[in-house]
Amino acid sequence: QVQLAESGGGLVQPGGSQRLSCAASGLSFSGYTVGWFRQAPGAEREFVAAFRWSGGGTAYADSVKGRFTVSRDINKNTLYLQMSSLKPEDTAIYYCGVTKVVRSSWSDQLHYYYWGQGTQVTVSS
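### Quick notes on the packing of aromatic side chains
Two descriptors summarise a pair of aromatic rings, namely the distance from one centre to the other and the angle between the planes of the rings.
For step 1, the next point in the chain: Counted according to the given criterion, the structure contains eight aromatic pairs.
For step 2, the next point in the chain: Plain terms: the ring middles of Phe51 and Trp53 are 6.1 Å apart, the flat faces sit at 90° to each other, and that makes the pair edge-to-face. By the burial criterion, Phe51 is buried, and Trp53 matches it.
For step 3, the next point in the chain: In textbook terms, an aromatic cluster arises when at least three aromatic residues are bridged by ring pairs, as seen for Phe37, Phe47, Tyr112 and Trp115.

Structure below.
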């Protein structure tokens, strides 16, 4: 059974940092692109970042470019989202999913599957 699990969320002050994890069981990320999305209250789920596990390649939403960075631990089959200079508008539930779609479609959540349950990030003083 394939499961993705996000973790690392919590309450952080504006300007602070947080690292999220996306771990997979029952599936190797090899051959997939792993994406991070987020959903704020009353809003649609939006693309944050994506990383192609085999061969590299990353993409970021303009709203997080320069502040968020994806990295991985191959041995742990885990993708990380390092978030810095956090803003209140980054408050959302963060989800990870996998896809095999071409790069030009990485930002479209409809191409992703095996979503995790999400982890809440709240940026507030």
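### Quick look at the sheet that holds strand β2 (residues 10-12)
For step 1, the next point in the chain: Pairing is mixed across the open sheet formed by six strands, whose spatial order is β2-β10-β9-β4-β5-β6. One side of each edge strand has no neighbouring strand; the edge strands of this open sheet are β2 and β6 (58-60). When strand polarity is set aside, the average angle formed by the axes of neighbouring strands in this sheet is 25°.
For step 2, the next point in the chain: Both strand β4 (residues 33-39) and strand β9 (residues 92-99) contribute to a ladder of seven bridges, which runs antiparallel. Residue Arg38 lies in a different strand from β9, and its bridge partner there is Tyr94.

### Things to note about the side chain of Thr78
For step 1, the next point in the chain: Within the element layout of this structure, Thr78 appears in strand β8 (residues 78-83).
For step 2, the next point in the chain: On the basis of relative accessible area, Thr78 is assigned to the buried category, the value being 7%.
For step 3, the next point in the chain: In terms of polar contacts, Thr78 uses its side chain to reach the backbone carbonyl oxygen of Lys76, at 2.9 Å.
For step 4, the next point in the chain: With residues near it in sequence (within four places) discarded, Thr78 still touches Ser21, Cys22, Ala23, Phe29, Trp53, Ser71, Arg72 and Asp73.

Definitions and limits used
- Residues numbered from 1 in each chain as written.
- Predicted model: local features only at pLDDT ≥ 70, side-chain atom pairs only at ≥ 80, totals over all residues.
- Heavy atoms only, no water.
- Phe/Tyr/Trp six-rings, centres within 6.5 Å; stacked < 30°, edge-to-face > 60°.
- Buried < 20%, exposed > 50% of the residue type's maximum accessible area, 1.4 Å probe, protein only.
- Pairing = 2+ DSSP bridges.
- Helix = DSSP H or I, 4+ residues; strand = E, 2+ residues; numbered from the N terminus.
- Axes fitted to C-alpha atoms, helices over the stretch in contact; angles between N-to-C directions.
- Polar contact = N/O pair within 3.5 Å; in protein donor to acceptor, adjacent residues only side chain to side chain.
- Contact = heavy atoms within 4.5 Å.

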